[in-house]
Amino acid sequence: MKKIPGQSPYIPYIAASVITFIYFLFQFHHIQQYLDFDQIVYCNNILVALRYRTGVMFNAHHLHMEIGGKWFHDVVMHYFEEYGFTDVVFNNRLRSVLFGCIGVFFSLLYLKEITGNLFWGIIGSILIGFCHGYLSYSTKVDTAIYP
């Protein structure tokens, strides 16, 4: 990849941050307002762990979702409880949005690196972020966005 003289090496990171921030605002504005059966089961498992203060839940397929969701909720409650962040469902939707944003950020940087062109990185990350599955699972209390 040819480096353009005088071009800042931080431009791709700035572009990725801006696209990610816009994606976060879009997702936060259109956050899902319904729960399906899987989401209810995950939230119930997290609530049971919170109620009994256990860290042990064994569901091999969803271990990251449930234990990670409990830990994330504990951290958010510790730092932001006074601001109203007390709902386990909302906090875990927020966690999904953050993971979705991380995916958009790194997809832009990855596509820029393999194509050598920031334009294709931006276009590719927007296409990834707004494809149906990624868009849907970025605000869902489910496991699909984490891998």
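The structure this text deals with has already been given above.
First, a word on scope: everything that follows refers to the structure included in this document. Being a predicted model, the structure only gives us computed values, none of them experimental.

Turning our eyes to something else, we now look at the overall build of the chain. When helices and strands are counted, the chain shows 6 helices and 0 strands. Each helix and strand of the chain, placed in order from N terminus to C terminus, yields the pattern α-α-α-α-α-α. Counting the 147 residues in the chain, one finds 39% classified as buried. Within the structure as shown, the chain displays about 9,100 Å² of accessible surface, and the carbon and sulfur contribution to it stands at 68%.

If you trace the backbone, S138 turns up in the segment after α6 (132–137). Once you skip the residues sitting within four places of it in the chain, S138 turns out to touch Y23, Q27, R93, S96, V97, G100 and I145.

Turning to the pattern of salt bridges, a few remarks are in order. On inspection of all chains with the given rule, the structure shows 2 salt bridges. D36 serves as the salt-bridge partner of K140, at 3.1 Å between the closest nitrogen and oxygen. Note that K140 is positioned in the segment after α6 and D36 in the loop between α1 (11–29) and α2 (37–51), a separation of 104 residues in sequence. Taking relative accessible area as the criterion, K140 reaches 9% and is therefore assigned buried.

The next subject is the side chain of Q27. With respect to the helices, strands and loops of the structure, Q27 is situated in helix α1. In contact with Q27, not counting residues within four places along its chain, are V97, Y134, L135, S138 and T139.

Each packed pair of helices is defined by two parameters, the angle between the axes and the distance between the axes. Interaxial distance between α1 and helix α4 (residues 88–115) falls to 9 Å at its minimum, and their mutual angle equals 150°. Judged by the inter-axis angle, α1 sits roughly antiparallel to α4. α4 is crossed by α1, and the crossing has right-handed handedness. Facing P12, Y13, A15, A16, S17, I19, T20, Y23, F24, Q27 and F28 of α1, the residues of α4 in contact are F90, L94, V97, L98, G100, C101, V104, F105, L108, L109 and K112.

What counts and how
Residues numbered from 1 in each chain as written. Predicted model: local features only at pLDDT ≥ 70, side-chain atom pairs only at ≥ 80, totals over all residues. Heavy atoms only, no water. Helix = DSSP H or I, 4+ residues; strand = E, 2+ residues; numbered from the N terminus. Buried < 20%, exposed > 50% of the residue type's maximum accessible area, 1.4 Å probe, protein only. Areas by Shrake-Rupley, 256 points an atom, 1.4 Å probe, with all protein chains shown as cover. Contact = heavy atoms within 4.5 Å. Salt bridge = Lys/Arg side-chain N within 4 Å of Asp/Glu carboxyl O. Axes fitted to C-alpha atoms, helices over the stretch in contact; angles between N-to-C directions. Parallel < 35°, antiparallel > 145°, perpendicular 65-115°, else oblique. Left-handed = near helix turned anticlockwise from the far one by under 90°.

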